[in-house]
Each structure stands twice: as C-alpha cells, then as structure tokens.
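Here is what each chain is made of, one letter per residue.
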Amino acid sequence: METRVLGRTGRSVGVVGLGCWQLGGDWGDVSSDAALSVLGGAVDAGVTFLDTADVYGDGRSEKLVGEFLRSRPSAGLTVATKMGRRADPHTAQQYTLDNFRAWNDRSRENLGVDTLDLVQLHCPPTSVYERQSTYDDLDTLVSEGRIAAYGVSVETVDEALTAIARPNVATVQIILNIFRRKPLLDVLPAALEAGVGIVARVPLASGLLSGKYDESTTFADSDHRNFNRHGEAFDVGETFAGVPYEVGVAAAQDVAAFTPSGASTAQLALRWIVDQPGVSVVIPGARNAEQARANAAAADLAPLSGETLAGLERIYDDQIAEHVATRW
C-alpha cells in the first residue's frame, strides 16, 4: 500500500487506515472475535494506522486494539486514540492537565503501551482550540513521555484552521468525503503548507457511500444511524455526514453510477479521498475482515478520472451542498 508521512509525527502510514469506533459501540453489536478478525484482516491487507478513542465502548475499542497489538508485536502499527469526551459535563473547563494525565493513563493501560503514538483532542468545545494553555498542557504530556505526538479531531473547518496554526499540532482529523467537500477549500491547503497531517474520517458517510442502503434499510437501536439522525446524542455531522438520510440515499445511487469496473462504490468513495492533496490517511470502519480488506484495496485503484471527479462534484452541488455547505 502507498504510504504517506503522517504530518508532524514523522511516521509513515498506509493511505487507508482503520477506524475502530464500531469495535467499541454505537454501530450495533460486534463480538470480540469479530473485532479481532477485522483488525487482522485490515493489517494483513496493508493497513498500518488504527484510530480509536477512550469513549468507544467506554474503553472497549482501546482494549481490543491493545489485545491485537500484543498478538502482533512486530506489525509496525501506529495507533491514534482520543481524549476529552469522558468529561462530564463536557465543558472547556474539564480540559485540564490533571484530566489529560488521567485520561492518558487510562488509555495507556487499555492499549498496553507506555507511550501513546498519537493522542487527539476529541471534538472539544471550540474555546479549547483557542487557548494557549491547551497546547502547553499537551506539550507537557509529550515531555513526560505519556504521548509521542498530539493532534485534534474537529467538527468545523474554523477549528481545524485554528489548530493547524499551532506549531506542535501534528495532525487534524476532520470529516471529509464526497458529500462533505468544504475542507478542500482551505483546510487541506493550509495543512499541506504547514506540514500537518490530515486524517479523513466518516469517509463513507456512515455507509451511505457504500451504495448499499435504500429507503427501507433499518438499523439497530444501539446504532447511531438510528438514534442520532438529528443530533440527539452528539453532533449530527457524525451520522450520515449530516446529510438527511433520504437525500443521501438518492445521491449515493447517482454516485454509484461512476464506480469503476471491478471496484465497489465504497472503494470509489475512498479513492476520491486518497486523491485529495494533503490527505495523509483515510479511516473507514469495517464490521468484518472482508470489508476491511476491500477498504484497503481502494488504495490500489487508479486515480479517478477528470470526468468522474466532475460528475461527483455535480452531484454534490445539485443534491448535497444546500444541506451541509454552510455548516461545520
């Protein structure tokens, strides 16, 4: 698999990674055996970057990743986790050095490592990005050896640009997909110029861009695609990329028409992200090893043609932009 430097971490990672949210929760039930199978399938297919968080299943995702790391000690993986969403209440005042240390220590125990490769602030209140003390505290964690590098996971392009301007922010994780194009305008160019890595999340718009859903598709009660369609539990942009479900289903059917021969629509959607200048790694999730291997294979597709890129842009302009372009 093609590798790229992950921003200021200096690490090289495969361009397709694995998002591990679904291994912890909020996507229906995933057994431990199934989760470990997903991890194995992804790594065997060339994935070297795993993205998790301390709140995915209240640490379950981290623990499963840690178990996998112990079974593959020489796999050369980079593991990113996140911190901050454990705060209750989730306010800017909770983002303190003492809490950072406590959250980090829990993640280090869950993952079974002394030093965390990359820790990302997990979509904190906007004011957290703006204050100097945030970055001073993160620098302290690096100096203490708790973390090797830090980044941020953001909801908005303005938050991303604020973080990119900070000298020691290694990476920015942001929603980027065929239905969420706003980061292309300013965020990716700014990151590229600053040497900050871009981790592209929600690449398939919660599965919409797999082309497999229709108006009658249902989701489990424990699946955020059921319980967070209107932002009831967290930012609605994390569910179907903020696109109304019926609108997204119709647009995804039009996207599917551009799928290259021998590829899947999901692979088309992932390749579109890989083709964007400034992207370091894209992190699709997977529910089984077959999906993980198929996602990784998107890196083997040829870059998309100009005709395809123009067609996908038209779909966005005609069907999606009115729902997302002025948000986030």
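Computed from a predicted model, the values in this text were never measured in an experiment.

### Brief notes about helix 2 (residues 32-44)
Helix length check: helix 2 (13 residues) gives 18 Å between terminal C-alpha atoms against 18 Å at 1.5 Å per residue, within 8%. Packing partners of the buried residues in helix 2 comprise strand 3 (18-19), helix 1 (21-24), strand 4 (49-51), helix 3 (60-71) and helix 12 (289-296). Gly46, located one to two residues past helix 2, shows a positive phi value of around 110°.

### Some words on the side chain of Arg166
On the secondary structure map, Arg166 appears in the loop between helix 7 (157-164) and strand 8 (169-175). Asp136 is the oppositely charged side chain nearest to the buried, salt-bridge-free Arg166, at an N-O distance of 6.7 Å.

### Details of the environment of Leu6
Along the chain, Leu6 falls in the loop between strand 1 (3-5) and strand 2 (12-14). Expressed as a C-alpha distance, the spacing of Leu6 and Asp105, which sit 99 residues apart in the sequence, is 24 Å. Ignoring sequence-local partners within four residues, the contact set of Leu6 consists of Arg11, Val13, Phe49, Thr78, Leu118, Ala170, Thr171, Gly197, Val199, Ser280 and Val281.

### Re the sheet that holds strand 5 (residues 78-83)
Here 8 strands make up an open sheet; going across it, the order is 3-4-5-6-7-8-9-10 and the pairing parallel. In the strand order of this sheet, the two ends are held by strand 3 and strand 10 (279-282), each with one partner. Relative to strand 4, strand 3 is paired through 2 bridges, and the arrangement is parallel. Bridged to Leu18 within strand 4 is Leu50. Against the sheet, helix 6 (residues 132-143) contacts strand 5, strand 6 (118-122), strand 7 (150-153) and strand 8, and its axis sits at roughly 135° relative to strand 7.

### Side note on the pairing of strand 6
Burial runs high along strand 6: 5 of the 5 residues are buried. Sheet topology places strand 5 next to strand 6; 4 bridges connect them, and they run parallel. Bridging from a neighbouring strand, Met83 pairs with Leu121 of strand 6. Crossover strand 5 to strand 6 through helix 4 (residues 97-111) is right-handed.

Cut-offs used in this document
Residues numbered from 1 in each chain as written. Predicted model: local features only at pLDDT ≥ 70, side-chain atom pairs only at ≥ 80, totals over all residues. Heavy atoms only, no water. Helix = DSSP H or I, 4+ residues; strand = E, 2+ residues; numbered from the N terminus. Expected span 1.5 Å × (residues − 1). Contact = heavy atoms within 4.5 Å. Buried < 20%, exposed > 50% of the residue type's maximum accessible area, 1.4 Å probe, protein only. Lys, Arg positive; Asp, Glu negative; His and termini not counted. Salt bridge = Lys/Arg side-chain N within 4 Å of Asp/Glu carboxyl O. Pairing = 2+ DSSP bridges. Axes fitted to C-alpha atoms, helices over the stretch in contact; angles between N-to-C directions. Right-handed = clockwise from strand over helix to strand, strands pointing away.

Nothing here speaks to function; it is geometry throughout.
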